[in-house]
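Coordinate analysis (summary)
Each chain, letter by letter, is given below.
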Amino acid sequence: MTKVEYEVKNLDCAGCAGKIQHKASTMAGVLNANLDLYKKRFVLEIDDLFEEELFLHQINYFADSIEPGTEILKMAEYDEEEELKRRKEEERKAELQEKREKIALIAGGTLFIGAILLGNLSIQLKLILSIIAYIILGGDVVLKSFKNITKGNLMDENFLMTIATFGAFYIGEHTEAVGVMLFYKIGEYFQDKAVANSRKSIEKLLDIRPDYANLKNEKGEVVVISPKKLKKGDIIVIKAGEKIPVDGVIIKGESTLNTSALTGESLPVEVGVNSEILSGSINGSGVLEVRVNKIFADSTISKIISMVEDASNKKAESEKFITKFARYYTPIVVISAIVVGAILPLFLGNFNTWFGRALIFLVISCPCALVLSVPLTFFSSIGLSSKYGILVKGGNYLEALTDVEAVVFDKTGTLTKGKFKIDKIESENYSEKELLKVAQIGEYYSTHPIGKTILAQLDNDIDEAYIEGYKEMSGFGVIAYYDGKEILVGNHKLMREYNIKADEREYPGTVIYIAQDGEFLGYIYISDEIKEDSEKTIKELSRLKIDSYMLTGDSKKIGEMVGEKIGMKRENIFTHLLPQDKVSKLQEIIKRSKKKVIFVGDGINDAPVLSIADIGVAMGGVGSDLAVETADVVIMKDEPSKIVELLKIANINKKVVIQNIVFALGIKILVMILGVLGFANMWMAIFSDVGVSLLAVLNASLGVKRYMK
């Protein structure tokens, strides 16, 4: 299975987008289809049966038949200058179209008011003014409807609105027909503005892409190039106020960085020589020279952009339901209109009365309020999450987060800082300095936080040429071969595994055991600090009636000490766990839980458990490739309290989605019932269509943000 992506042009109808998406999903070679109306992107999952040229021919024919002018095109290769020109041209066309719509609305509205005021003086004048106003306001709607009839499309909004207003003219309600078209166009205008504003906010969210890079060439000259052209090892210059284009290491200069695009926090981070810096950050006042260590495609900011863009492709069940529901809603309402307007008069008489009531159904028949607002709510929530430094990979995960029973935490780097310090060194027949050097040789290639802590004390020269071999044993420690000697650095289990006699020590921290050539040399005692917001996180989860668990490879004494300090129940703390034991224990918790289970880990060595949890959350994922790849949610800052914020956003998202569904369907059904009973008119019908759509889109755009304040 592979993915392909296409650009969508001239499509603004949400109901039509759903039909195109459904049509594509039924075509040969297409396994899944997702058309994003807001980003104008069409993403397909395809297999070997897919033929691109045939697909584009068929889907463009279908798309044009339901929304004339719609085009689905191959994605052009991203070029900064061309993209800027394209955006400016689109903005120019949009501004011109908006001016035309404003003129038409003002002219048509003026004539409409004139028809009402002058109607008492002359019936003929009233009719003439109404017809002129109708042509100005609805001429394009009528033309589109007739074009669509020739293509066999009788269920689109243009045709149904044309029939409804023609019907109003037929029964003598001239000003009502014009009024319906006027308020339909006004509603469409503001609805389009709301959608456009939502699209701009989405584009703004993704406007963290660096535009250029200052490459220092072999001659020492600085030239401006695209970040995509940078290679590993290149030297780039980052001036004050510029975005960092790719991940790298500072080789010259000092500054402060604004990392809010990555972490959601605007506090400056101080950096200097040898500091690793991430793309998407903004340089402060200093000038930096940086050696590139990742190409643009692999850099942090590129992955963040991809995650946010791809999030809309993983739809929640409620989004899928609304898309499916929309396909049946319009035909059901139109059939109901036929029953009311054509069949009921056969039994109850008075054709004009029932025909007028049937027109109300036609006006209400578009499901745009739901099709527009529900996906927008999810995208707004995902966008808001990213501003808080929380990257959610899809609406399906956001929806799953509303049904959580338990949160399972890793300890080191998740609930604790993972920033260790050596408390003391205890050697046997060796000096402390000699013991530390042996441990440093063993940990020379280590990426584990404890190994880095031991290496941080390095003041001895270690000749890497003498390192003959290195092996990590997950859950035990490391084995290194140096100048003909075998060095073991790890926990007490590693000593037992190699039959080395060493007394097991209890300590409210981590004890590292060191041996060489089968002889035990001594201990290094290391401790870790609990994060400031860990206790607050456990309390908040308890308040939400969500159980907290801890899985750790540390000793029972350490695990329970940390767990009890932050308020976790002792029976929910599991210690002495190897990676495979963590998997087994998490599976047990999932099995006995009636709802979803979240696992929160540091994204470095928790890949197995992150992948089997209902929702895997990687903590402190900035720069961690494994975190970005494995987890469903990535928290970019090392704060467990972000879990509570994430759950809050998920629940608010659900609340806004339910509001929009109940509001949109409730108003439409109410107006249909009142219409049949003779208590509703066309004005109420038009409000329940475009008015409700507008309010639902506004609620989707602003609702989540409003509740988070």
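Residues numbered from 1 in each chain as written. Predicted model: local features only at pLDDT ≥ 70, side-chain atom pairs only at ≥ 80, totals over all residues. Heavy atoms only, no water.

**Overview of a nonpolar patch on the surface**
Taken together, Ile 335, Val 339, Ile 343, Leu 346, Phe 347 and Leu 348 make up a surface patch of nonpolar side chains, about 650 Å² in accessible area. Looking at the element boundaries, Phe 347 is found in helix α9 (residues 317-348). (Patch = residues over 30% accessible without salt bridge, like charges linked within 9 Å, V, L, I, M, F, W, Y side chains within 5 Å. Areas by Shrake-Rupley, 256 points an atom, 1.4 Å probe, with all protein chains shown as cover. Salt bridge = Lys/Arg side-chain N within 4 Å of Asp/Glu carboxyl O. Helix = DSSP H or I, 4+ residues; strand = E, 2+ residues; numbered from the N terminus.)

**Notes on the packing of α9 against helix α21 (residues 642-677)**
The contact between α9 and α21 brings their axes to 13 Å, and the two run at 5°. Viewed along their axes, α9 and α21 adopt a mutual orientation that is roughly parallel. Residues Ser 318, Ile 322, Phe 325, Tyr 329, Val 333 and Val 340 of α9 pack against Val 657, Ile 661, Leu 665, Lys 668, Met 672 and Val 676 of α21. (Axes fitted to C-alpha atoms, helices over the stretch in contact; angles between N-to-C directions. Parallel < 35°, antiparallel > 145°, perpendicular 65-115°, else oblique. Contact = heavy atoms within 4.5 Å.)

**A few points about the pairing of strand β5 (residues 213-216)**
Of the pairings in the sheet, the one linking β5 to strand β6 (residues 222-225) comprises 4 bridges and is antiparallel in character. Note on β6: the bridge partner recorded for Lys 216 is Val 222. Of the strand pairs in this sheet, β5 and strand β7 (residues 235-238) are connected by 3 bridges, and their pairing is antiparallel. Note on β7: the bridge partner recorded for Asn 214 is Val 237. (Pairing = 2+ DSSP bridges.)

**Re the pattern of salt bridges**
Counted according to the given criterion, the structure contains 20 salt bridges. Lys 102 is the salt-bridge partner of Glu 98, the closest N and O atoms lying 3.7 Å from each other. Within this pair, Glu 98 and its partner Lys 102 are both found in helix α3 (residues 80-118), separated by 4 residues, close to a single helical turn. You can call Glu 98 partly exposed: its relative accessible area is 22%. (Buried < 20%, exposed > 50% of the residue type's maximum accessible area, 1.4 Å probe, protein only.)

**Description of the packing of aromatic side chains**
A complete count under the given rule lists 16 aromatic pairs for this structure. Arranged with centres 6.2 Å apart and planes meeting at 45°, the rings of Tyr 134 and Phe 166 form a pair that is tilted. In this pair, Tyr 134 sits in helix α4 (residues 123-150) while Phe 166 sits in helix α5 (residues 157-170), placing the two residues 32 residues apart along the sequence. Exposure remark for Tyr 134: the relative accessible area of 6% places this residue in the buried category. Measuring from centroid to centroid gives 6.5 Å for Tyr 549 and Phe 574, while their planes differ by 15°, and the two rings are stacked. A residue pair is termed long-range when its members are at least 10 positions apart, and Tyr 549 in strand β22 (residues 547-551) and Phe 574 in strand β23 (residues 573-574) qualify at 25 residues. Just as Tyr 549 is buried, Phe 574 falls in that class too. Ring pairs connect the aromatic residues Tyr 507, Tyr 513, Phe 520, Tyr 523 and Tyr 525, which therefore count as one cluster. It is Lys 23 that lies over the ring of Phe 62; its NZ or CZ is 5.6 Å from the centre. (Phe/Tyr/Trp six-rings, centres within 6.5 Å; stacked < 30°, edge-to-face > 60°. Lys NZ or Arg CZ within 6 Å of the ring centre and 35° of its normal.)

**With respect to the sheet that holds strand β24 (residues 596-601)**
Strands sit in the order β14-β26-β25-β24-β15-β22-β23 across an open sheet of 7 strands; the sheet is mixed. Only two strands of the sheet have a single partner each, and these edge strands are β14 (390-392) and β23. Where strand β15 (residues 404-410) meets β24, 5 bridges bridge the pair, whose relative direction is parallel. Each bridged residue has a counterpart across the sheet, and for Val 404 the counterpart in β24 is Lys 596. Along the sheet face, helix α16 (residues 534-543) touches β15 and β22 and points at about 165° away from the line of β15.

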